[in-house]
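Reading the structure
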Amino acid sequence: HGSDGVLDRQVPMLRSFMCPITQEAMVDPVSTVDGHVYERSAIEGWLPNHKTSPLTGRPLHSLALTPQDHLRRAIEEYQQLQPTLERISGARASQ
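Keep in mind that this is a model prediction, so the values were computed, not measured.

Moving on to the confidence of the model for the protein chain. Looking at the protein chain, the pLDDT average stands at 85 and 75% of residues meet or exceed 70. With pLDDT under 50 throughout, residues 1–7 is counted as low confidence; its partners more than four residues away or in other chains account for 9 contacts.

Given below as structure tokens:
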């Protein structure tokens with residue numbers, strides 16, 4: 001319980017915020033030409049040896065990565081709101 005008696009608990013990370021390679025929340029999300037999004041360091045480690053999509057296995061006609069700044073900001077905002085979300089979830093659970 002939190003100091004004010006409200007149950008504190010972690011709200012699960014949204015799957016769309018998770019890198020399919022690392023299974024962790026992305027910090028620097030980028031997309032490949034096929035539209036899938038990955039953590040930059042994870043996909044940069046994958047591409048030199050594979051040149052395929054980690055999700056589909058299909059060849060990528062370009063190894064260009066496009067920053068997904070809107071997704072990065074959404075993940076940051078979600079993480080900053082965690083204490084607020086925890087309080088809301090806890091308050092709803094006790095009703």
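Next comes the rest of the write-up.
Let us look at the packing of aromatic side chains. Going through the model one piece at a time under the given rule, you end up with 1 aromatic pair. Look at Phe-17 and Tyr-78: their rings are 5.5 Å apart centre to centre, the planes differ by 75 degrees, and that puts the pair in the edge-to-face class. Here Phe-17, found in the segment before strand S1 (29–31), pairs with Tyr-78, found in helix H2 (residues 69–80); they are 61 residues apart in sequence, far enough to count as distant. By relative accessible area, Phe-17 is classed as buried at 8%.

Moving on to the nonpolar core. In this structure, Phe-17, Cys-19, Met-26, Val-30, Tyr-38, Ala-42, Ile-43, Leu-47, Leu-60, Leu-71, Ile-75 and Tyr-78 together form the largest nonpolar core, which totals 12 residues. Contributing elements (two or more residues each) for this core: helix H1 (40–50) and H2.

A few words now on the sheet that holds S1. In spatial order, the strands read S2-S1-S3; together these 3 strands make up an open sheet with antiparallel pairing. A single partner strand is all that each edge strand has here, and the edge strands are strand S2 (37–39) and strand S3 (66–67). Bridge count for S1 against S2 is 3 bridges, and the pairing is antiparallel. Looking across to S2, one finds that Pro-29 is bridged to Glu-39. On top of the sheet, H1 reaches S1, S2 and S3; it is set at about 95 degrees to S2, its chief contact.

So, how was this worked out
Residues numbered from 1 in each chain as written. Predicted model: local features only at pLDDT ≥ 70, side-chain atom pairs only at ≥ 80, totals over all residues. Heavy atoms only, no water. pLDDT = per-residue confidence, 0-100. Contact = heavy atoms within 4.5 Å. Phe/Tyr/Trp six-rings, centres within 6.5 Å; stacked < 30°, edge-to-face > 60°. Helix = DSSP H or I, 4+ residues; strand = E, 2+ residues; numbered from the N terminus. Buried < 20%, exposed > 50% of the residue type's maximum accessible area, 1.4 Å probe, protein only. Core = buried A, V, L, I, M, F, W, Y, C linked by side-chain atoms within 4.5 Å. Pairing = 2+ DSSP bridges. Axes fitted to C-alpha atoms, helices over the stretch in contact; angles between N-to-C directions.

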